[in-house]
Amino acid sequence: MSFKRNVAGAAAVAIAMIAGQASAGIIMDFQDLEAYGGGFTEVGYSYIAGDFEVWHDVNEPFGFRSPHVDNGSFYQGSTGLFNDTVGGITVLDRLDGAPFDMESIDLAGLFVGGGDTTVLFTGYLNGGGTVQTSFTTSNGGYGFETFSFAGLGFNNLDSLQWSQDYVYHQFDNIAVVPVPGALALLGLAGLARRRRRA
C-alpha cells in the first residue's frame, strides 16, 4: 500500500514539474544590448539568455552585431542581432543539451528598406532526423515581422540552425520552450525502480 501511495505522490510531483516546465519558456529579446552611438554593439560569437544560447563558429571571420537605436541604416525598430559573416551558420540550442520546442522568431532585413529576405531554418530533432521551413518577410525591409513555428514540427529539437544568406537578415524575440517533463518522468521511473528492488 505504501508503495502505491509513494508512486502516486511521485506522479503528482512529476505532473507539477511538467506543468512548471511547460510555462518556463523564454523570449530572447536582446534588450540588454540596446545602446546609442550610431554604430553597432559587438556581441562576439555567443549570446546566452537563461538556459539558451545563440552562437556560431569562432572560425568564421566575424561575430554577432546589434545595431544601435540611432543607427538609421540598420535599426529596425527593436534591438535585434545579426550574424556578420556572409554564409555564417547561426545555431540555437540549450546549454544543458536538453531538447526544446521552437515557438516563433522575429525577422527583418539587415538594411532598413533593403527589401524582403528569406531565411531557411533547419531543426535537428532529438533522437535523429531534421525538419525544415523557410520564412519570407513582406514589408520591404521596414521593421521586424513575427513568424510562428506552430504546426511545422519544430518540437523536441536538439538545435535550430539558419544561415546568413543574401538578402541578409536580423533576428529578434526568439521564443523557445524546454520540452516538458523529460526530467520529471526520468525521476518517476527511477523511484519506481528503487521501490521494486526494496
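Computed from a prediction, not measured in an experiment: that's the story for all the values here. All chains use their own residue numbering, which begins from 1 and follows the written sequence. Since the coordinates come from a predicted model, pLDDT governs what is reported: local features require at least 70, and pairs of side-chain atoms require 80 or more to be given and counted, while whole-chain, interface and lining totals use all residues. With hydrogens and water set aside, each side-chain value is computed from the structure's full complement of heavy atoms.

**Description of the environment of aspartate 106**
Argument step 1. We count a stretch as a helix when DSSP gives it H or I for four or more residues in a row; a strand needs E for two or more, and each element gets its number in order from the N terminus. Along the chain, aspartate 106 turns up in strand 8 (residues 100-109).
Argument step 2. In this structure the C-alpha to C-alpha distance between aspartate 106 and phenylalanine 171, which are 65 residues apart in sequence, comes to 5.5 Å.
Argument step 3. Under this definition, polar contacts are N or O atom pairs within 3.5 Å; protein pairs additionally need one hydrogen-donor-capable and one acceptor-capable atom, and for neighbouring residues in sequence, both atoms have to be side-chain atoms. Within the structure, aspartate 106 has its side chain in polar contact with the side chain of threonine 146 (distance 2.7 Å).

**Some remarks on the packing of aromatic side chains**
Argument step 1. For this analysis, a ring pair means two rings from Phe, Tyr or Trp (six-membered ring only for Trp) whose centres lie within 6.5 Å, classed as stacked if their planes differ by under 30 degrees, edge-to-face if by over 60, and tilted for the remaining angles. Under the definition given, this model contains 16 aromatic pairs.
Argument step 2. Between phenylalanine 40 and phenylalanine 74, the aromatic rings sit 4.9 Å apart at their centres with planes inclined by 75 degrees, giving edge-to-face as the arrangement. In this pair, phenylalanine 40 is assigned in strand 2 (residues 40-44) and phenylalanine 74 in the loop between strand 5 (64-67) and strand 6 (82-83), connecting sequence segments 34 residues apart.
Argument step 3. A simple rule labels every residue: compare its accessible area, found with a 1.4 Å probe on the protein chains alone, to the largest value its type can have, and call it buried under 20%, exposed over 50%, or partly exposed in between. Taking relative accessible area as the criterion, phenylalanine 40 reaches 21% and is therefore assigned partly exposed.
Argument step 4. Linked through ring pairs, Phe30, Tyr47, Phe64, Phe121, Phe135, Phe147, Phe149, Phe154, Trp162 and Phe171 together constitute an aromatic cluster.
Argument step 5. A cation over an aromatic ring shows up here: arginine 65 above the ring of phenylalanine 40, its NZ or CZ 4.1 Å from the ring centre. Here, a charge over a ring is recorded when the distance from Lys NZ or Arg CZ to the ring centre is within 6 Å and its angle to the ring normal is within 35 degrees.

**A word on the sheet that holds strand 6**
The pairing of strands in a sheet comes from backbone hydrogen bonds and takes either a parallel or an antiparallel form.
Argument step 1. Pairing between two strands is assigned when DSSP locates at least 2 bridges connecting them. Strand order in this open sheet of 3 strands is 2-5-6, and the pairing throughout is antiparallel. Every interior strand has two partners, whereas the edge strands, strand 2 and strand 6, have only one.
Argument step 2. Across 4 bridges, the pairing between strand 2 and strand 5 is antiparallel. Bridge pairing in strand 5 places glycine 44 opposite phenylalanine 64.

**Points about the pattern of salt bridges**
Argument step 1. Note on definitions: salt bridges are taken to be side-chain nitrogens of Lys or Arg within 4 Å of carboxyl oxygens of Asp or Glu. With the rule as written, the count across this model stands at 3 salt bridges.
Argument step 2. Measuring nitrogen to oxygen at the nearest pair gives 3.7 Å for the salt bridge that ties aspartate 84 to arginine 65. Taken together, the residues span a long stretch of sequence, with aspartate 84 in the loop between strand 6 and strand 7 (89-94) and arginine 65 in strand 5 at a distance of 19 residues.
Argument step 3. Two residues, arginine 94 and aspartate 96, come together in a salt bridge whose shortest N-O distance is 3.0 Å.
Argument step 4. Residues joined in a network through salt bridges with shared partners are Glu42, Arg65 and Asp84.

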